[in-house]
Amino acid sequence: MRTVEVTDDLQSYMERLLPQRDAVLARMEQEAERESIPIVDAHEGVLLYLLIRLAAAKRILELGTATGYSGIWLLRATDGGTLTTFELDHKRVERARANFSEAGLGKQALVLEEDAVAGVEKLDQRFDACFIDLLNVFPSEETTQRAVELCLERLEPGALLMADNALRQGEVLHATTQQARNVAHYNELVAKHPRLESVVIPIRDGLSVARVKD
């Protein structure tokens, strides 16, 4: 079957089919574009929302908060659940907390100002889903692997393990940068892990979606 090329016109068509975002998300999208803040786009946000809804997940772990855009999509899908999310940048932590509060999710979102890998290592909670949005900034493949191991240790059977930038704009084919090597290593780990069943969805820069086997 021939793969459809996503032209600008086709992209605009798909965007018209997306649900209208509320004032908080719309503002955050504008800020991200204006300030070059790395967030998932609306297409991926809706997909994350649907995946969490389908999994009936209530306890979400996120590595990489930025200003809280993806976290809002994830939390809203839980219908009253909780989000534990890590961010090192102090200004982004403050903005994320303010955005969660404005979205009516302030009491459900725990934004921790800490290195994500070190922070997850201290957690003793269990989670129904994990979203990793730090593959582009981990310092090494070893750190990437440690993050996967730590998250898996805290995920329930049937839980989702998801990661953004799983295609690294095609650089995974010839991984010459550290970021691309992180992504390629992550994809291999997830694809071959005996506890996971997975797929990479070519949306935006690629979304890796894996399920922890029962």
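One structure accompanies this document, and this report is about it. Just so it is clear, the structure is predicted and the values come from calculations on it, not from any experiment.

## Focus on the overall build of the chain
Part 1 of the reasoning: Within the chain, the secondary structure is distributed over 8 helices and 7 strands.
Part 2 of the reasoning: Rg of the C-alpha trace for the chain: 16 Å, near the compact-globule value of 17 Å for 214 residues, within the 12% margin.
Part 3 of the reasoning: With respect to the principal axes defined by its C-alpha atoms, the chain has extents near 45 × 40 × 30 Å.
Part 4 of the reasoning: Across the 214 residues that make up the chain, the buried fraction comes to 47%.
Part 5 of the reasoning: Counting contacts in the chain only where the partners sit at least 6 residues apart, residues at least 24 apart contribute 71% of the total.
Part 6 of the reasoning: Per element, the accessible surface of the chain, about 11000 Å² overall, is 52% carbon and sulfur.

## Thoughts on helix α7 (residues 141-153)
Part 1 of the reasoning: Given a rise of 1.5 Å per residue, 13 residues ought to cover 18 Å, and the 18 Å separating the end C-alpha atoms of α7 matches this to within 8%.
Part 2 of the reasoning: What α7 keeps buried is the set Thr143, Thr144, Ala147, Val148, Leu150, Cys151 and Leu152.

## Things to note about the pattern of salt bridges
Side-chain pairing between opposite charges can occur once the charged atoms of the two side chains come close.
Part 1 of the reasoning: Evaluated as defined, the whole model comprises 21 salt bridges.
Part 2 of the reasoning: Between Glu29 and Arg21 there is a salt bridge, with its nearest N and O atoms 2.8 Å apart.
Part 3 of the reasoning: Overall, Arg21 belongs to the partly exposed group, its relative accessible area being 25%.
Part 4 of the reasoning: With its nearest N and O atoms 3.3 Å apart, the salt bridge here joins Glu171 to Arg168.
Part 5 of the reasoning: Since its relative accessible area comes to 27%, Glu171 is described here as partly exposed.
Part 6 of the reasoning: Put simply, Arg27, Glu31, Arg34, Glu35, Arg95 and Glu102 are held in one network by salt bridges that share partners.

## Comments concerning the nonpolar core
Part 1 of the reasoning: Ile52, Tyr69, Ile72, Phe100, Met162 and Leu207 are the most contacted members of the largest nonpolar core, which totals 38 residues.
Part 2 of the reasoning: Elements with a minimum of two residues in this core: α2 (23-35), α3 (42-55), α4 (69-78), α5 (90-102), β3 (109-112), β4 (127-132), β5 (155-164) and β7 (207-212).
Part 3 of the reasoning: Those residues within four positions of Tyr69 in sequence are excluded, and the remaining contacts are Leu25, Met28, Glu29, Ile39, Val40, Asp41 and Ala42.
Part 4 of the reasoning: Grouped together as the second largest cluster of nonpolar side chains are 28 residues, Leu63, Phe86, Ala147 and Ala159 included.

## What to know about the environment of Pro194
Part 1 of the reasoning: Summarising the element assignment, Pro194 is placed in the loop between α8 (178-192) and β6 (196-201).
Part 2 of the reasoning: Separated by 119 residues in the primary sequence, Pro194 and Leu75 place their C-alpha atoms 29 Å from one another.

## Remarks on the packing of α3 against α4
Each pair of packed helices can be described by the angle between their axes along with the distance between the axes.
Part 1 of the reasoning: Contact pair α3 / α4: the axes reach a minimum separation of 8 Å and the direction vectors enclose 30°. When the axes of α3 and α4 are compared, the pair comes out roughly parallel. As for how α3 packs across α4, the hand of that crossing is right-handed. For the pair α3 and α4, contact is made by Ala42, Gly45, Val46, Leu48, Tyr49, Ile52 and Arg53 and by Tyr69, Ser70, Trp73, Leu74, Arg76, Ala77 and Thr78, respectively.

Rules used throughout
- Residues numbered from 1 in each chain as written.
- Predicted model: local features only at pLDDT ≥ 70, side-chain atom pairs only at ≥ 80, totals over all residues.
- Heavy atoms only, no water.
- Helix = DSSP H or I, 4+ residues; strand = E, 2+ residues; numbered from the N terminus.
- Rg over C-alpha atoms; globule rule 2.2 N^0.38 Å.
- Buried < 20%, exposed > 50% of the residue type's maximum accessible area, 1.4 Å probe, protein only.
- Contact = heavy atoms within 4.5 Å.
- Areas by Shrake-Rupley, 256 points an atom, 1.4 Å probe, with all protein chains shown as cover.
- Expected span 1.5 Å × (residues − 1).
- Salt bridge = Lys/Arg side-chain N within 4 Å of Asp/Glu carboxyl O.
- Core = buried A, V, L, I, M, F, W, Y, C linked by side-chain atoms within 4.5 Å.
- Axes fitted to C-alpha atoms, helices over the stretch in contact; angles between N-to-C directions.
- Parallel < 35°, antiparallel > 145°, perpendicular 65-115°, else oblique.
- Left-handed = near helix turned anticlockwise from the far one by under 90°.

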